[in-house]
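Structure at a glance
Chain residues, written in single-letter form:
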Amino acid sequence: MVAKVYVINDPLAINFLVDNDIDGFKEYLESDEYLDFSEPEVFDSEAVALAFCAGLGYGSDERAIPTTYPLRSFEEVDRPFIEAIEKI
């Protein structure tokens with residue numbers, strides 16, 4: 001199974017992700033024509049993708065809003081956000 005991970009660095013987009021606000025996220029994507037997300041990191045397995053994501057969060061304060069947020073193709077809750085990104 002191929003696993004994709006989109007690493008989101010945009011603070012406003014992260015707020016929508018943390019709040020699980022797919023409608024607000026879609027509106028945000030539509031409102032900013034210059035908004036661009038990097039291509040996803042692609043991994044051969046979910047385990048390797050999870051290790052990559054663990055590295056992104058290493059040393060961060062879990063109580064604070066994250067500065068990077070991974071969207072993982074193998075997580076059901078992340079799929080609508082990934083689909084929205086891939087449509088732009």
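Please refer to the structure placed before this passage.
These remarks concern the structure in this document.

Analysis parameters
- Residues numbered from 1 in each chain as written.
- Predicted model: local features only at pLDDT ≥ 70, side-chain atom pairs only at ≥ 80, totals over all residues.
- Heavy atoms only, no water.
- Helix = DSSP H or I, 4+ residues; strand = E, 2+ residues; numbered from the N terminus.
- Rg over C-alpha atoms; globule rule 2.2 N^0.38 Å.
- Buried < 20%, exposed > 50% of the residue type's maximum accessible area, 1.4 Å probe, protein only.
- Contact = heavy atoms within 4.5 Å.
- Lys, Arg positive; Asp, Glu negative; His and termini not counted.
- Charge placed at Lys NZ, Arg CZ, Asp CG, Glu CD.
- Patch = residues over 30% accessible without salt bridge, like charges linked within 9 Å, V, L, I, M, F, W, Y side chains within 5 Å.
- Areas by Shrake-Rupley, 256 points an atom, 1.4 Å probe, with all protein chains shown as cover.
- Salt bridge = Lys/Arg side-chain N within 4 Å of Asp/Glu carboxyl O.
- Axes fitted to C-alpha atoms, helices over the stretch in contact; angles between N-to-C directions.
- Parallel < 35°, antiparallel > 145°, perpendicular 65-115°, else oblique.
- Left-handed = near helix turned anticlockwise from the far one by under 90°.
- Nonpolar A, V, L, I, M, F, W, Y, C, P; charged D, E, K, R; others polar.

**Notes on the overall build of the protein chain**
The helix and strand inventory of the protein chain stands at four helices and three strands. Across the protein chain, helices and strands are ordered from the amino to the carboxyl terminus as β-α-α-β-α-β-α. A compact globule built from 88 residues would reach a C-alpha radius of gyration of about 12 Å, and the protein chain, at 13 Å, matches this within 12%. Expressed as lengths along the three principal axes of its C-alpha atoms, the size of the protein chain is roughly 35 × 30 × 20 Å. Per-residue burial over the protein chain gives 31% buried out of 88 residues. In the protein chain, once contacts between residues fewer than 6 apart in sequence are set aside, the share between residues at least 24 apart is 74%. Charged side chains of the protein chain number 6 positive and 20 negative; the gap between the two group centres comes to 5 Å.

**Concerning a negative patch on the surface**
A grouping of Asp19, Asp21, Asp23, Glu27 and Glu30 is seen on the molecular surface, where their side chains present a negatively charged patch. Within the secondary structure, Asp23 is located in helix α2 (residues 22-31). What makes Asp23 exposed here is its relative accessible area of 53%.

**Details of the packing of helix α1 (residues 11-18) against α2**
Relative orientation of the contacting elements α1 and α2 amounts to 160°, with a least axis distance of 8 Å. The angle between α1 and α2 places the two elements in the roughly antiparallel class. The crossing of α1 and α2 is left-handed. For the pair formed by α1 and α2, the contact residues are Leu12, Ala13, Phe16 and Leu17 on the first element and Gly24, Phe25 and Tyr28 on the second. Classifying every residue of the contact of α1 with α2 gives six nonpolar, one polar and no charged.

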